[in-house]
2 protein chains.
Amino acid sequence: MSSQKYYVDAPKNYVAVDCVIFGYEDYELKLLLHPRPVEPEKGKWALMGGFCGVDESLEQAAERVLEINTGLADIFLDQVHAFSLPQRDSGGRVISMVFYALIPLFQQDVERVNAKGAKWFPISNFPSLVFDHSQMVENALKKLQMRASYHLVGRELLPDQFTLMQLRRLYEAIFQQELDPGNFRKKVLSLKVLERLNKKNTTESKKGAYLYKFIPKAAAGTERILNMGITI
Amino acid sequence: MSSQKYYVDAPKNYVAVDCVIFGYEDYELKLLLHPRPVEPEKGKWALMGGFCGVDESLEQAAERVLEINTGLADIFLDQVHAFSLPQRDSGGRVISMVFYALIPLFQQDVERVNAKGAKWFPISNFPSLVFDHSQMVENALKKLQMRASYHLVGRELLPDQFTLMQLRRLYEAIFQQELDPGNFRKKVLSLKVLERLNKKNTTESKKGAYLYKFIPKAAAGTERILNMGITI
DNA sequence: ACAAAAGTGTTCAACCTACACCCATGG
DNA sequence: CCATGGGTGTAGGTTGAACACTTTTGT
């Protein structure tokens, strides 16, 4: 079927994906950047990206970019926005689909990440980026906040087992604001998507805090809205 | 700058836009479809679409498609999702960006719309569509519902002046559920984005209802969330 | 008179917010 | 003993859902 040539006269474009890669460490939301490996603007800080081949979907292209740069597969990915102003890339007319990815930082392939000079930056303080990549980050963060106010996002960013304090600190990092510990606990537990384990973590507090894990998606009840007051 | 040839070896793809065009009439949300004008699948019901040229953004391409088919410019457009499975279009590998558009139905160019057999269908009952277009409609409706629960969308779909009943009927059409007249009125007015005029519409009720209009965006206060209970 | 929509008010439950308070323990 | 986080409880305000009630007028 695709051997037929229906659209021979139609224009073709370069199509790329750019990945806004989020991780969480040291109570901070982080962003993975690398020095752009190709001209133009070679060497300047940029999002990781690549062209979309003719036999792969945009999602597959983004997975490929992630796998090459972090060694990780099976990563949460979500479309953010397509950037397509004809002059956005000084190297040519490239339509770029932005994805954001959520990476469990502790299980990354550190050597591969470091190999080409990639670095994690705190979301609150990262260098200026090539082209429209800064705007891509801004859009991606908004979309992540949106998602985080509807779904608990810890599953993709935290270890399998975690304390409620760790989950709260993650949310504080995502929304850049402090949250009331007691209220956060009650709200999150009311969602009934966490299971308390019979273990305690005593490294981060004297008393020790119960560890929780996410109920497997299939078994989880209907998730409810988490009202984090995001108005767009 | 774009005369430089940086990306000569990179793959190129056909890129298209498809528009999910929403209108509102007779207390129903409607969808504009036309018989697909080209092979393959020529003649079957489809969204209006077109290829993205090398000198225009995706948004400009969508505006062009809209202008050609409805005669309207300056239409509200919002990106929905990019569909890019390699086999999604049996005519070739086309990456398609879906937009939804909100059209003030009463000011459309009826002749132009009818010229190529286009028709408005109620959102609750439209024919099956080519390729993945049905899924595009589904995604677009969800996105519209999302937007409508954050922003009052009447500005793009209703006449300049309208009654609160008309606005409520619009929301009932978008969310496919009845809304309490009293509560809707209170909620909407509390947003402080409507201005009551000293005129009444007496064609839809015996008593007559005040007409309202949207406060111009610049002068409007900060819009607040309209909680229509949408969980995604 | 009656039906239908306009417009206002009231009640109850649910929820969010801001705290206070006790518990456990490592230093 | 005291600072820190763990965990529970509570008082007050806000909001949404359901619904009662009065007003107005065309038929």
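Asks: Teacher, can you tell me more about the relation of the copies chain B and chain A here?
Replies: For the pair of chain copies, the relating operation is a rotation around an axis with a shift along it. At an RMSD of 0.1 Å, chain B and chain A line up after a rotation of 180 degrees and a shift of 0.0 Å along the axis. Taken together, these values place the two copies in the relation of a two-fold axis. Comparing interface residues between copies, 98% of those in chain B also sit at the interface in chain A, which points to an isologous, same-surface contact.

Asks: So what exactly am I meant to see when it comes to the protein's contact with DNA strand C here?
Replies: Not every one of the 17 residues close to DNA strand C is listed here, only the nearest: N183, K187 and K206 of chain A together with R185 and Y210 of chain B. Here a phosphate oxygen of DNA strand C and a side-chain polar atom of R185 of chain B are 2.7 Å apart. Elements with a contribution of two residues or more to the surface near DNA strand C: α6 (181–190) of chain A together with α6 (181–190) and β9 (209–214) of chain B. Among the elements that make up the surface near DNA strand C, the one with the highest residue count is α6 of chain A (three residues). Within the surface near DNA strand C, the residues separate by chemical class into three nonpolar, three polar and eleven charged.

Asks: It is not clear to me how the interface of chain B and chain A should be interpreted in this structure. Could you clarify?
Replies: Interface size is often expressed as the accessible area that is lost when the parts come together. Across the boundary between the two partners, chain B contributes 48 residues, which contact 48 residues of chain A. Both sides of the chain B and chain A interface together cover about 4200 Å² of buried area, and 61% of this is carbon and sulfur. On the chain B side of the contact with chain A, Y7, K12 and Y14 of chain B bury the most area, a combined 18% of that side's loss. Taken together, the links from chain B to chain A amount to zero salt bridges. Connecting chain B to chain A are 24 residue pairs in polar contact (both at pLDDT 80 or more). Taken together, the elements giving at least two residues each to the side of chain B that touches chain A come down to β1 (12–25), α1 (58–70), β5 (76–83), β6 (94–102) and α3 (133–150) of chain B. Among the elements that take part in the side of chain B that touches chain A, β1 of chain B stands out by supplying four residues, more than any other. Of the residues contributing to the side of chain B that touches chain A, the split by class is 25 nonpolar, 13 polar and ten charged. As judged from the three bridges shared by strand β1 (residues 12–25) of chain A and β1 of chain B, these two strands associate in the antiparallel manner. Of the residues in β1 of chain B, the one forming a bridge with Y14 of chain A is K12 of chain B.

Thresholds applied
- Residues numbered from 1 in each chain as written.
- Chains lettered and ligands numbered in written order.
- Predicted model: local features only at pLDDT ≥ 70, side-chain atom pairs only at ≥ 80, totals over all residues.
- Heavy atoms only, no water.
- Least-squares fit on C-alpha atoms with pLDDT ≥ 70 in both.
- Contact = heavy atoms within 4.5 Å.
- Near = heavy atom within 4 Å.
- Polar contact = N/O pair within 3.5 Å; in protein donor to acceptor, adjacent residues only side chain to side chain.
- Helix = DSSP H or I, 4+ residues; strand = E, 2+ residues; numbered from the N terminus.
- Nonpolar A, V, L, I, M, F, W, Y, C, P; charged D, E, K, R; others polar.
- Buried area = accessible area lost by both parts, 1.4 Å probe.
- Salt bridge = Lys/Arg side-chain N within 4 Å of Asp/Glu carboxyl O.
- Pairing = 2+ DSSP bridges.

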